[in-house]
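Tertiary structure, described
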Amino acid sequence: GENVEQHPSTLSVQEGDSAVIKCTYSDSASNYFPWYKQELGKRPQLIIDIRSNVGEKKDQRIAVTLNKTAKHFSLHITETQPEDSAVYFCGQPNFGNEKLTFGTGTRLTIIP
Amino acid sequence: EAQVTQNPRYLITVTGKKLTVTCSQNMNHEYMSWYRQDPGLGLRQIYYSMNVEVTDKGDVPEGYKVSRKEKRNFPLILESPSPNQTSLYFCASSSGLAGGSVTGELFFGEGSRLTVL
């Protein structure tokens, strides 16, 4: 199947600082790039997504940027807060076969 | 309330004893999928279904079966469970399909933690 590499696997940032998580994908036909957040003991939930016709999308303190040439997209969280502590997954739909592959996840810890 | 419901939420079983994890969604979604989550490996797709009677393998289908006889239900069957199938399982559904790809939000169930001894 198509691969999506996610880095870093763990990330600790001081409260108030910014966090960036990056995913590199292989399917050049991909046109949809979601990010999911999974709090401890809970289910993954979509927090933001982007389609290939735009380069950036923002929603309050979170943003996603897409570089189709380099085949990577990134999640940016600004002014981090304790409730941002969670595992974050990027997703890559596989064009033409309805699979949805996830990265291996980034455990983000916000240090008060 | 729109939701994806999985049962059981927790199960301890023994090697070789057939079990079924049920999944039901009330959002009339065409797309349903099963994932397993293991430490360090993220979410790996087991099987997915585009619609009734249409299922296909994900990345880790070995040892699992699924069926989609009704739009709302997508059970996961372990015919002969083994210890390496000890994991946290998530069912998910989506209405977002376009051009042969999943292009919309996946709604996840609460998860089923399975232990095979």
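Higher on the page you've got the structure.
Definitions and limits used
Residues numbered from 1 in each chain as written. Chains lettered and ligands numbered in written order. Predicted model: local features only at pLDDT ≥ 70, side-chain atom pairs only at ≥ 80, totals over all residues. Heavy atoms only, no water. Helix = DSSP H or I, 4+ residues; strand = E, 2+ residues; numbered from the N terminus. Rg over C-alpha atoms; globule rule 2.2 N^0.38 Å. Buried < 20%, exposed > 50% of the residue type's maximum accessible area, 1.4 Å probe, protein only. Contact = heavy atoms within 4.5 Å. Areas by Shrake-Rupley, 256 points an atom, 1.4 Å probe, with all protein chains shown as cover. Lys, Arg positive; Asp, Glu negative; His and termini not counted. Charge placed at Lys NZ, Arg CZ, Asp CG, Glu CD. Buried area = accessible area lost by both parts, 1.4 Å probe. Salt bridge = Lys/Arg side-chain N within 4 Å of Asp/Glu carboxyl O. Polar contact = N/O pair within 3.5 Å; in protein donor to acceptor, adjacent residues only side chain to side chain.

Moving on: the overall build of chain A. When helices and strands are counted, chain A shows zero helices and 11 strands. Its helices and strands taken in sequence order, chain A reads β-β-β-β-β-β-β-β-β-β-β from the N to the C terminus. On C-alpha atoms alone, chain A measures out to a radius of gyration of 13 Å, which is about the 13 Å that the 2.2 N^0.38 rule sets for 112 residues. Dimensions of chain A, computed from the C-alpha atoms along their principal axes, are close to 45 × 30 × 20 Å. Across the 112 residues in chain A, those meeting the buried criterion constitute 46%. Contacts in chain A between residues at least 24 apart in sequence constitute 52% of all its contacts with a sequence separation of at least 6. Of the roughly 5400 Å² of accessible surface on chain A, 45% is carried by carbon and sulfur atoms. Computed over 12 positive and 13 negative side-chain charges, the separation of the two mean positions in chain A equals 4 Å.

With that settled, the discussion passes to the environment of Leu11 of chain A. Residues and elements named next belong to chain A. Among the secondary structure elements, Leu11 is positioned in strand E2 (residues 10-14). Sequence separation of Leu11 and Thr106 is 95 residues, and the distance between their C-alpha atoms is 7.0 Å. When sequence neighbours within four positions are dropped, the list of residues in contact with Leu11 reads Ala19, Val20, Ile21, Thr106, Arg107, Leu108 and Thr109.

With 26 residues of chain B at the contact, the number on the chain A side is 23 residues. For the pair chain B and chain A, the summed buried surface comes to about 2000 Å²; carbon and sulfur atoms form 52% of the total. It is Leu43, Thr103 and Phe108 of chain B in chain B that bury the most area against chain A; as a group they hold 24% of the surface buried on that side. Joining chain B to chain A, the criterion identifies two salt bridges. Between Lys99 of chain A and Asp59 of chain B there is a salt bridge whose closest N-O contact spans 2.9 Å. Applying the counting criterion to the chain B and chain A interface returns six residue pairs in polar contact (both at pLDDT 80 or more).

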